[in-house]
Amino acid sequence: MSEKLESYLSATVGRELPRREFLRLGATAAGAFALAACGGGTASPGASAPTGPDFKVGGILPTSGTYAELGDSIRKGMQLYFDKVGSQAGGRRIVVSNEDEAAGDPSIPLAKARKLVEQDSVDLITGIIASPNALAIRNYVDQNKVPTLISNAGVNALSRSQKSPFIYRTSFSNWQPSQPMGRYLVDKGINKLVLVYSNYAAGAETAAAIKETYSGQILAEVKPPFPNTSGDFAAFITQVNNARPEAIYVFMSGQDAIALLKQAKTQLDKSIKVTGSGFFVEQDVLGAIADAAPVGAVTGLHWALTLDNKENQEFTTRFKSRFGKTADVFAMQGYDTARVIVEALNAVKGKTDDKAAFMKAIAQVSFKSPRGDFRFDANSNNVINTVYVRELIRDPKLGYTNKVISSLPNVVDPGK
Ligand code: BEZ
């Protein structure tokens, strides 16, 4: 591959690629490069070469710890969408740099936000997986008027008392996947539940949300530490078995979910049904636990691999062929976040100095997403989601995955 083509690819992709991936991409991009070199479009046919200053996106996502895989999926999902539009919008080239959110200490993401803004002069901050980290950067980005798109962390306060005109959320609030599930479980005849959740904000807010609509009996709340660094869930599974519920309702994600499900396979009483917010059995987890997957688990989430629409088909197919990894809800959130950036930049024709106008453009973005209709709620600065009720199956082609069995549309965070 020529040096010129290599530097074109580095700029377009906006990050370092492994050599093998870089070469593969080079082969398919050579044609686009030739077009760009003679003033034509790149991946977005007809778009002219960017003339404005680079639009710098600073991502803060974990590269290690319990949620590392979630961060990887979001980064890749963003990259997939930016590639689709030739990494430009509103006449500006989009350049992404990523910082490690790190695990456990919220002062780290705050320091990373400062670095991205004060040293790297980014135009927008995105990312953040864990709820406490979103709260940790909130005052800084608010006071410094930094346009921010949270692409995972669900902490409710960001849509309520801690809402900021500079922060929009493209993912979910912790309330959203679980509030409608309480009623659903009662309707399905589940009257005795144990709540199991990672003991931090996201788990506690999930538990509070399901209690709003669950009218059966909650026999116990079992709260493993977050992260559960010992990886040992035996004592918690024993607490569940001793309470003799009909079902558990779980919030857990990433490595903790993987460890719990592997142990539950042999230790959880077979009569107990598995339910929860869908992160617990999302594709990142299913890919790691193989036959420990709790087939039949019923969970609520704003996406599923099997969701049958044209945007999801395109997204999941391109994601798999580009990265060799099955898409998951986090990848979808990254993909949608990149699209919000592109649509808003196009709407203001690349002029982002007027921050209020740029935030207004963000607020007004709407499109057909792999999750269904994407739009923000003006009251909460949070995306409006359909919550899909999913049943875990073993599909002959897809392997362990979640099949959509019901849709609960227009789930809007109450905003207070
Ligand atoms: C959170 O901390 O908000 C969170 C983390 C992983 C999955 C879902 C929510």
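About the criteria used
Residues numbered from 1 in each chain as written. Predicted model: local features only at pLDDT ≥ 70, side-chain atom pairs only at ≥ 80, totals over all residues. Heavy atoms only, no water. Buried < 20%, exposed > 50% of the residue type's maximum accessible area, 1.4 Å probe, protein only. Helix = DSSP H or I, 4+ residues; strand = E, 2+ residues; numbered from the N terminus. Pairing = 2+ DSSP bridges. Right-handed = clockwise from strand over helix to strand, strands pointing away. Core = buried A, V, L, I, M, F, W, Y, C linked by side-chain atoms within 4.5 Å. Domains from an automatic or database assignment. Contact = heavy atoms within 4.5 Å. Salt bridge = Lys/Arg side-chain N within 4 Å of Asp/Glu carboxyl O. Near = heavy atom within 4 Å. Polar contact = N/O pair within 3.5 Å; in protein donor to acceptor, adjacent residues only side chain to side chain. Nonpolar A, V, L, I, M, F, W, Y, C, P; charged D, E, K, R; others polar. Phe/Tyr/Trp six-rings, centres within 6.5 Å; stacked < 30°, edge-to-face > 60°. pLDDT = per-residue confidence, 0-100.

Caption draft 1: How the structure looks around the pairing of strand 10 (residues 273-277). Taking burial as the measure, the 5 residues of strand 10 include 4 buried ones, the bulk of the element. One ladder, built from 4 bridges, connects strand 9 (residues 247-251) with strand 10; its direction is parallel. The partner of Tyr 249 across the bridge, within strand 10, is Thr 275. In this region the chain leaves strand 9, passes through helix 9 (residues 254-267) and returns to the parallel neighbour strand 10; the handedness of that crossover is right-handed.

Caption draft 2: Quick look at the nonpolar core. Counting residues in hydrophobic clusters, the biggest one holds 74 residues, and the most contacted among them are Leu 193, Phe 315, Ile 341 and Ile 362. When residues in this core are grouped by element, the largest group, 11 residues, is from helix 12 (residues 329-347). When residues of this core are assigned to domains, at least three map to each of domain 1 (3-172 + 312-383) and domain 2 (175-301 + 386-411). Aside from chain neighbours lying at most four places away, what touches Ile 341 is Phe 55, Val 57, Met 78, Phe 82, Leu 124 and Leu 149. Listed in part, the 29 residues of the second largest apolar core include Met 252, Ile 258, Leu 286 and Ala 297.

Caption draft 3: View of the pattern of salt bridges. Scanning all chains against the criterion turns up 20 salt bridges. Here Asp 72 makes a salt bridge to Lys 76, at a shortest N to O gap of 2.8 Å. Within this pair, Asp 72 and its partner Lys 76 are both found in helix 3 (residues 68-84), separated by 4 residues, close to a single helical turn. The two residues Asp 72 and Lys 76 agree in class, both being buried. Taken together, the shared-partner salt bridges in this structure form one network comprising Glu 69, Asp 72, Lys 76 and Lys 325.

Caption draft 4: Layout of the site of the ligand. Around the ligand, the surrounding shell holds 15 residues, and the nearest of these are Ile 129, Ala 130, Ser 131, Gly 154 and Tyr 200. Within the side chain of Ser 131, an N or O atom sits 2.6 Å from an oxygen atom of the ligand. The separation between an oxygen atom of the ligand and a polar main-chain atom of Gly 154 is 2.9 Å. Tallied by class, residues from the shell around the ligand come to 10 nonpolar, 5 polar and no charged. For the shell around the ligand, the domains that each give at least three residues are domain 1 (3-172 + 312-383) and domain 2 (175-301 + 386-411).

Caption draft 5: Broad picture of the packing of aromatic side chains. All told, the structure shown has 16 aromatic pairs when counted by the stated rule. Between Tyr 81 and Tyr 335, the aromatic rings sit 5.3 Å apart at their centres with planes inclined by 90 degrees, giving edge-to-face as the arrangement. Placement of the pair is Tyr 81 in helix 3 and Tyr 335 in helix 12, with a sequence separation of 254 residues. The pair Tyr 81 / Tyr 335 is uniform in exposure class, with both members buried. Ring geometry for Phe 172 and Phe 279: centres 4.9 Å apart, planes at 45 degrees, overall tilted. Here the residue Phe 172 occupies a position in the loop between strand 6 (167-169) and helix 6 (175-187), and Phe 279 occupies one in the loop between strand 10 and helix 10 (283-289), the gap between them amounting to 107 residues. Across the pair, Phe 279 and Phe 172 agree in class, each one buried.

Caption draft 6: Spatial organisation of the side chain of Asn 228. Within the secondary structure, Asn 228 is located in the loop between strand 8 (217-222) and helix 8 (234-243). Apart from residues lying up to four places away in sequence, Asn 228 is in contact with Phe 233, Phe 236 and Asp 256.

Caption draft 7: How the structure looks around the confidence of the model for the protein. For the protein, per-residue confidence averages 90 on the pLDDT scale, and 89% of positions sit at 70 or higher. When the criterion is pLDDT under 50, residues 1-43 qualifies, and its contacts beyond four places in sequence or with other chains add up to 57 contacts.

Caption draft 8: Quick peek at the environment of Val 285. Here Val 285 is to be found in helix 10. A relative accessible area of 0% means that Val 285 is categorised as buried. Separated by 28 residues in sequence, Val 285 and Ala 257 place their C-alpha atoms 6.8 Å apart. When neighbours within four sequence positions are excluded, Val 285 is seen to be in contact with Gly 254, Ala 257, Ile 258, Leu 261, Phe 279 and Phe 280.

Caption draft 9: Representation of the environment of Met 252. If you trace the backbone, Met 252 turns up in the loop between strand 9 and helix 9. When sequence neighbours within four positions are dropped, the list of residues in contact with Met 252 reads Val 196, Tyr 197, Ser 198, Pro 224, Phe 233, Ala 257, Leu 260, Phe 279 and Phe 280.

Caption draft 10: Structural detail: the pairing of strand 13 (residues 372-377). Where strand 12 (residues 366-369) lies against strand 13, 4 bridges are found, and the strand directions are antiparallel. Its bridge partner being in strand 13, Ser 369 is matched across the sheet by Gly 372. Examined bridge by bridge, strand 13 and strand 14 (residues 382-383) share 2 bridges and lie antiparallel to one another. What sits directly across from Phe 376, in strand 14, is Val 383. Counting the residues that bridge the hairpin from strand 13 to strand 14 gives 4 residues, and of these Asn 381 lies at a positive phi of roughly 55 degrees.

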